[in-house]
Each structure stands twice: as structure tokens, then as C-alpha cells.
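Remarks on the overall topology
Each chain, written out:
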Amino acid sequence: MVPGLDHAWVVDVVRRTLSEDLGGDPGRDVTSQATIAVSSGAVAHLVARQAGVVAGLVVVQEVVDQVSARFGLGQVTVDLDVQDGTRVEAGRRLAVLTGPVQVLLMAERSLLNLASRASGVATATRAWADRLDGTGATVLDTRKTTPGLRALEKYAVRAGGGTNKRMGLYDVAMVKDNHVVAAGSVTAAVAAVRAAFPDVLVQVEADTLDQALEAVAAGVTFLLLDNMPTDVLASTVAAVRAGEATTGRIELEATGNLTLDRAAEVARTGVDYMSVGGLTHSAPILDLALDLVAR
């Protein structure tokens, strides 16, 4: 079972998505409303045109419900054949939708955009999760998400077998190179964050072994090892691990310039995580379709 989306967030993102497509609230669909009788009903199948991992099906009911409410039309029932996180083959039916044709067609593109986007992210994530299976390393996402869709895309990462890192700038402090420049050093930056926000977890991005060891000396227990060649990464991991009898366990994440082809060799260095921005910023959609069924 995939940990869910906040309902209030789903309601809001669906409202904004529909208003964008319909041109306001309630808006209009000049083609469907002109050509299809209000009384006309139909059955539609949501299908996968490509193989992949589906996600975002949890928003489908909300989309059709909001369309029905906007125009005072009858309800659409949504019967899911599969759950989010399911691996499917091309041609697989994902859901059956039954109700007014106008609602189905006015909702079609919005529900497909959301579910196709989420399914693309889930599919990309599953490729990484499968590649890392058994290595001891876990794939993480980043903040490189589509504006307004972060919650959905991070949900899709979970559906694909990955793990969310921080949700934003507010929940975890991540000291990066620009913060180090501004503060004067890794140690000074860490101290400043702790003084201002003592309840927040502090992570440090390190480009070199010296930076990593400085961060550990400052009491940081989570390091991002950024853009390191595999041999440098391995030696940095070994050096940090050698001190864990004194420091306690340090969580280590490889980040930057990661590809599926490198995944196994990076995992062998002993890192706990690999963060991959491409899960969300570069994943193509999974092609889904909503097809009316002839009766």
C-alpha cells in the first residue's frame, strides 16, 4: 500500500487543473457541451498504452466528482482494476468509469495528465529500485519537481519503490556549497543552522573528503557526497565509516551524475542512498488513455 496523498491537497490541485482546462470555474467544454446530450451516459475504460508502473489513480475519482459538481451533472463511478504501484503491461485496463458522457469527456484530459505524469515518475523510480535491489542502497528523490505537483510526484516515487528525501526547504536543513561560501565554512554554516533552528535535522553536501570529515566533526550525521568519481566516493565512504565507532552511524548519500549504468558500482562503495533528480525532472509520462466503450 502506497502512503497516501493529503486529501485537501488533492482537492486543490484538481480544482486548479480543471480550471486551467475549462477556462474558469465552472468553465465550459464548448465541443462536448454542444455535441453531447446531458442525458447521455457511457462506460469508459482507463487503459495503459505502455508497460510501466501506474500511480495517480487515486486522483481519478476526485476529478470526475469535481466536474459533476461544477455542472450539476450525475456522478461517475470509478472501479479500479489495479492499485497505484502496480506494474502493468501495455493494453492493461486500469479502471472502469461509468456515468454521463459530458463528465467523462470534460474530465478526460485532466485525469490523464495527472495519472500519466505520476505513472511516468513511478516507472522511472521502479527502474532504479530494481537496479538497487539487494545492494543495500535506496533511491531518493529531490526537490527538482514540477511546480505545483511536488506532492503528487513524491507520492509517485513512493509508488515506484523509492523514498522521499525532504519535502521542501522547511523540513530539513541542507548545507550546500553556496551556504558554505556565505557562512565562511562548513562548521560555521552548521552552527548557524543549529542556532536558528535547533529542532531541524542538518545535512551537509560535501564535494571533498575534507569537507565530509569537517561536517562529521561538526556533529552532522547525514552527508551528501556530491559528484565524486567512484574511486573518490569509495575512499570517502571508507574514511567516514572508519570513524563511526566514535561518531556513531553516519548516513551517506551519493548525488550528482548518477545513471542506471553506474548504479551498481556506486552502491558497492557502501553508500546508503542515491538521490536522483531525474526521477521527477526528466521522467517521461506513461501513456494512458480513456476510451469510451461501444454499447
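If you're wondering where the values come from, they're calculated on a predicted model, not measured in any experiment.

Turning our attention to the overall build of the protein. Assigned secondary structure in the protein consists of 12 helices and 12 strands. Dimensions of the protein along its principal axes, counting C-alpha atoms only, are 70 × 40 × 25 Å. Relative to all contacts within the protein whose residues are 6 or more apart in sequence, the contacts with residues 24 or more apart total 73%. Approximately 13,400 Å² of the protein is accessible, and the part contributed by carbon and sulfur atoms is 53%. Computing the positive centroid from 26 side-chain charges and the negative centroid from 34, the protein places the two 2 Å apart.

The next point concerns unusual backbone geometry. Cis geometry is found at the peptide bond from Asp25 to Pro26, where omega equals 15 degrees. Of note, Pro26 is situated in the loop between α1 (7–22) and α2 (30–35). Its identity is not glycine, yet Asn257 carries a phi of approximately 60 degrees, on the positive side. Note on placement: Asn257 falls in the loop between β10 (251–255) and α11 (263–267). Taking relative accessible area as the criterion, Asn257 reaches 58% and is therefore assigned exposed.

Their axes nearest at 7 Å, the elements helix α4 (residues 101–132) and helix α5 (residues 150–159) cross at an angle of 45 degrees. Viewed along their axes, α4 and α5 adopt a mutual orientation that is oblique. Considering how the two elements wind past one another, α4 and α5 form a crossing that is right-handed. In this structure, α4 contributes Leu114, Arg117, Ala118, Val121, Ala122 and Thr125 to the contact, and α5 contributes Leu152, Glu153, Ala156, Val157 and Ala159. Considered class by class, the residues forming the contact of α4 with α5 number eight nonpolar, one polar and two charged.

Attention now moves to the sheet that holds strand β1 (residues 41–48). The strand order across the open sheet built from four strands is β3-β5-β1-β12, with neighbouring strands paired in antiparallel fashion. What marks the edges here is a single partner per strand, and that holds for β3 (77–80) and β12 (288–293). Adjacent strand axes in the sheet meet at a mean angle of 20 degrees when their direction is disregarded. Summarising the sheet, β1 and β12 pair through six bridges and their orientation is antiparallel. Opposite His45, over in β12, you have Asp291 as the bridge partner. Contacts between helix α3 (residues 60–71) and the sheet are confined to β1, β3 and β5 (93–100), with β3 contributing the most and set at about 170 degrees to the helix. Strand contacts of α4: β1, β5 and β12, with the helix running at about 155 degrees to β12, the strand carrying the most contacts.

The sites that UniProt annotates as "domain: Quinolinate phosphoribosyl transferase C-terminal" (unreviewed entry) are residues 121–291. End C-alpha atoms of residues 121–291 are separated by 23 Å, and the span's content is 44% helix alongside 18% strand.

Next up on the list: the UniProt feature "domain: Quinolinate phosphoribosyl transferase N-terminal" (unreviewed entry) in the protein. The feature "domain: Quinolinate phosphoribosyl transferase N-terminal" (unreviewed entry), as given by UniProt, occupies residues 29–119 in the numbering adopted here. Segment residues 29–119 splits into 41% helix and 26% strand. End C-alpha atoms: 26 Å apart.

When you line up the elements, Thr142 lands in the loop between β6 (138–140) and α5. You can call Thr142 buried: its relative accessible area is 17%. Engagement of the side chain of Thr142 in a polar contact is seen with the backbone nitrogen of Lys144, the distance being 3.0 Å. Discounting chain neighbours no more than four positions away, the residues touching Thr142 are Lys154, Ser275, Val276, Gly277 and Thr280.

The strand order β6-β11-β10-β9-β8-β7 describes an open sheet built from six strands, whose pairing is parallel. Whereas interior strands pair on both sides, the edge strands pair on one side only; in this sheet they are β6 and β7 (172–175). Within the sheet, the average angular offset between the axes of one strand and its neighbour, ignoring direction, is 25 degrees. With five bridges connecting them, strand β9 (residues 222–226) and β10 associate as parallel partners. Of the residues in β10, the one forming a bridge with Leu224 is Glu253. Docked against the sheet, α4 engages β6 and β11 (273–275), running at close to 155 degrees with respect to β6.

Basis of the calculations
Residues numbered from 1 in each chain as written. Predicted model: local features only at pLDDT ≥ 70, side-chain atom pairs only at ≥ 80, totals over all residues. Heavy atoms only, no water. Helix = DSSP H or I, 4+ residues; strand = E, 2+ residues; numbered from the N terminus. Contact = heavy atoms within 4.5 Å. Areas by Shrake-Rupley, 256 points an atom, 1.4 Å probe, with all protein chains shown as cover. Lys, Arg positive; Asp, Glu negative; His and termini not counted. Charge placed at Lys NZ, Arg CZ, Asp CG, Glu CD. Buried < 20%, exposed > 50% of the residue type's maximum accessible area, 1.4 Å probe, protein only. Axes fitted to C-alpha atoms, helices over the stretch in contact; angles between N-to-C directions. Parallel < 35°, antiparallel > 145°, perpendicular 65-115°, else oblique. Left-handed = near helix turned anticlockwise from the far one by under 90°. Nonpolar A, V, L, I, M, F, W, Y, C, P; charged D, E, K, R; others polar. Pairing = 2+ DSSP bridges. UniProt positions renumbered as here; feature names shortened; annotations may be inferred. Polar contact = N/O pair within 3.5 Å; in protein donor to acceptor, adjacent residues only side chain to side chain.

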